[in-house]
Amino acid sequence: MRLAIAEINLQALAHNLAQVKRFAPGCKVMAVLKANAYGHGLVKIAQYLNDADAFAVARIDEALALRAGGLTKPIVLLEGFFHQDDLPILLANNFQTIIHDENQLATLENTSLDAPIACWLKVNTGMHRLGIAPSQFESFYSRLKASQNARDDIKLMTHFSCADDINDEKTAQQIALFNSLADGKNEQHCLANSAGIIAWPKGHGEWIRPGLMLYGVSPMLNGVGQQHGLEPVMRLTTRVIAIRDVDADQCVGYGGRWHSDKPTKLAVVAMGYGDGYPRHAEQGTPVVIKSQRYGIVGSVAMDMITVDIGDNRDNIKVGDEVIMWGPELPVEEIAQCATTIPYELLCNITPRVSYEYQ
Ligand code: PLP
């Protein structure tokens, strides 16, 4: 019997893409599939996103994996390229690139290519990660327009840093700065990540870049995907592999981090940080067994966690399914218990976990 399983609900994925389009009617969708489609399986997820207009990944290897998987849609490289030798790969595979700094632009200008590459000029409007300074915009734009190696329609992009917080004025400032640069140019715009799509309609532009919301998870500071009409795509489950009695006043697990204050029963569950479950999940982080919530106790180990099932009034047995997160138990809640974000939990699933696409 297989233990740790990530069930991937492809109907939920299709539903979420439709929901993205309801938030941003008429926008073209660049589905963000980096980091193994946020841990959901790169090629399988891409194959099911027929209604997306393009895919976005961070790195060339991810884009090549999509082509090797038979995907033919446009693919945008969100980190762009690094070396002259990358450019023929971009051309041969019909990859589109971000241009975010002088190095890239100079390399593009000074390489001999058989055909032009589709470019997205990325402007830093406040994230201070990738992107040219607003003061460089005019010169980069005209150099790209003049270059034989860039396709004539230069698309314009920026990225929000705080769109998950509807009370943070920074997003409105980023939108205003971007528009002040881009408005005079007759090019397509792309600004919004999932939080931008949900909360900042003025930042939609012609193109949107949803990642997390495609997987049914809320990109906002608080709350869960369901509040935005999204359905969780991943259900992470495993099995109870032992039940044990523990007397009062016993220390459980590595470091004895949890003490039993009365006699109880523990379910030992086959899931640990070796599967990607967060080691820092706090005491009491919920799991679901037989439709009931129970709290984890003791340290999360590589292969196992222990769950306090009290007097076992639900008659939990070895082999019973344990839900770590999914529609019954939002991954957003587990992320809070582990003082992290759902993005990290989803990306951290390890190859030991089996995938089932339904
Ligand atoms: N655009 C860029 C440049 C990104 O780096 C990301 C992801 O971090 C996204 C879009 C998608 O963001 P989200 O998953 O919050 O929708």
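Structure report, in brief.

**With respect to the overall build of the protein**
Per the secondary structure count, the protein includes eleven helices and 18 strands. With respect to the principal axes defined by its C-alpha atoms, the protein has extents near 75 × 40 × 35 Å. Counting the 358 residues in the protein, one finds 53% classified as buried. Across the protein, every contact between residues at least 6 apart in sequence was considered, and the portion connecting residues at least 24 apart equals 63%. Of note, the protein has its 31 positive side-chain charges centred 3 Å away from the centre of its 40 negative side-chain charges.

**Some words on helix α4 (residues 60-68)**
In an α-helix, one full turn covers 3.6 residues, which means residues spaced three or four apart are oriented alike. Among all positions of α4, only Ile60, Glu62, Ala63, Leu66 and Arg67 are buried. Along α4, the residues classed as buried sweep out an arc of 160° about the axis, all on the same side. In α4, those exposed residues whose orientation departs by more than 90 degrees from the buried face are Asp61 and Ala68. Tucked inside the fold, the buried residues of α4 contact α2 (34-39), α3 (42-47), β3 (54-57), β4 (75-77), α5 (86-93) and β5 (95-99). Directly beyond the C-terminal end of α4, a positive phi value near 90° is found at Gly70.

**Description of the packing of α4 against α5**
In the contact formed by α4 and α5, the axes pass within 11 Å of each other and the chain directions differ by 30°. With respect to α5, the axis of α4 lies roughly parallel. Between α4 and α5 lies a crossing of left-handed hand. Contacts between α4 and α5 involve Ile60, Leu64 and Arg67 from the first element and Asp86, Ile89, Leu90 and Asn93 from the second. Here the residues of the contact of α4 with α5 are counted per class, giving four nonpolar, one polar and two charged.

**Describing the sheet that holds strand β7 (residues 155-157)**
The eight strands are arranged β8-β7-β6-β5-β4-β3-β2-β9 in an open sheet whose pairing can be described as parallel. Taken across any chain shown, the strands that pair with only one partner, and hence form the sheet edges, are β8 (189-190) and β9 (207-208). Of the strand pairs in this sheet, strand β2 (residues 28-32) and β9 are connected by two bridges, and their pairing is parallel. Bridge assignment links Val29 to a residue of β9, and that residue is Ile208.

**What about the pattern of salt bridges?**
Evaluated as defined, the whole model comprises 18 salt bridges. A salt bridge links Asp245 to Lys265; the shortest N-O distance between them is 2.7 Å. In this pair, Asp245 sits in strand β10 (residues 234-246) while Lys265 sits in strand β13 (residues 264-269), placing the two residues 20 residues apart along the sequence. Overall, Lys265 belongs to the partly exposed group, its relative accessible area being 26%. Across the pair Arg313 and Asp311 runs a salt bridge whose closest N-O atoms are separated by 3.7 Å. The exposure class of Arg313 is exposed, given its relative accessible area of 63%.

**Description of the site of the ligand**
What surrounds the ligand is a group of 14 residues, the closest being Tyr38, Ser194, Arg209, Leu212 and Tyr343. Tyr38 places a polar side-chain atom, nitrogen or oxygen, 2.6 Å from an oxygen atom of the ligand. Grouping the amino acids of the shell around the ligand by side-chain chemistry returns six nonpolar, four polar and four charged.

**Some thoughts on helix α8 (residues 170-182)**
With 13 residues, α8 extends 18 Å between its outermost C-alpha atoms, agreeing within 8% with the 18 Å of an ideal straight helix rising 1.5 Å per residue. The set of residues buried in α8 consists of Thr171, Gln174, Ile175, Phe178, Leu181 and Ala182. Down the axis of α8, the buried side of the element spans an arc of 130°, and every buried residue falls inside it. Contact partners of the buried residues in α8: α7 (137-146), β7 and β8.

**A look at the packing of aromatic side chains**
Counted under the stated rule, the structure contains six aromatic pairs. Ring geometry for Trp120 versus Trp207: centroids 5.5 Å apart, planes at 80°, classification edge-to-face. Taken together, the positions of Trp120 in strand β6 (residues 119-122) and Trp207 in strand β9 put the pair 87 residues apart, joining distant regions of the chain. Between Lys44 and the ring centre of Tyr357, over which it is positioned, the NZ or CZ distance is 5.3 Å. Here the guanidinium or amino end of Lys155 rests over the ring plane of Trp120, the centre of that ring lying 5.4 Å away.

**Concerning the pairing of strand β1 (residues 5-8)**
Neither face of β1 is exposed, since Ile5 and Glu7 on one face and Ala6 and Ile8 on the opposite face are all buried. With four bridges joining them, β1 and strand β18 (residues 354-357) adopt parallel strand pairing. Note on β18: the bridge partner recorded for Ile8 is Tyr357. Sheet topology note: the β1/β10 ladder contains four bridges and is antiparallel. Each bridged residue has a counterpart across the sheet, and for Ala6 the counterpart in β10 is Leu236.

Reading guide: rules and limits
- Residues numbered from 1 in each chain as written.
- Predicted model: local features only at pLDDT ≥ 70, side-chain atom pairs only at ≥ 80, totals over all residues.
- Heavy atoms only, no water.
- Helix = DSSP H or I, 4+ residues; strand = E, 2+ residues; numbered from the N terminus.
- Buried < 20%, exposed > 50% of the residue type's maximum accessible area, 1.4 Å probe, protein only.
- Contact = heavy atoms within 4.5 Å.
- Lys, Arg positive; Asp, Glu negative; His and termini not counted.
- Charge placed at Lys NZ, Arg CZ, Asp CG, Glu CD.
- Arc of directions from axis to C-beta.
- Axes fitted to C-alpha atoms, helices over the stretch in contact; angles between N-to-C directions.
- Parallel < 35°, antiparallel > 145°, perpendicular 65-115°, else oblique.
- Left-handed = near helix turned anticlockwise from the far one by under 90°.
- Nonpolar A, V, L, I, M, F, W, Y, C, P; charged D, E, K, R; others polar.
- Pairing = 2+ DSSP bridges.
- Salt bridge = Lys/Arg side-chain N within 4 Å of Asp/Glu carboxyl O.
- Near = heavy atom within 4 Å.
- Polar contact = N/O pair within 3.5 Å; in protein donor to acceptor, adjacent residues only side chain to side chain.
- Expected span 1.5 Å × (residues − 1).
- Phe/Tyr/Trp six-rings, centres within 6.5 Å; stacked < 30°, edge-to-face > 60°.
- Lys NZ or Arg CZ within 6 Å of the ring centre and 35° of its normal.

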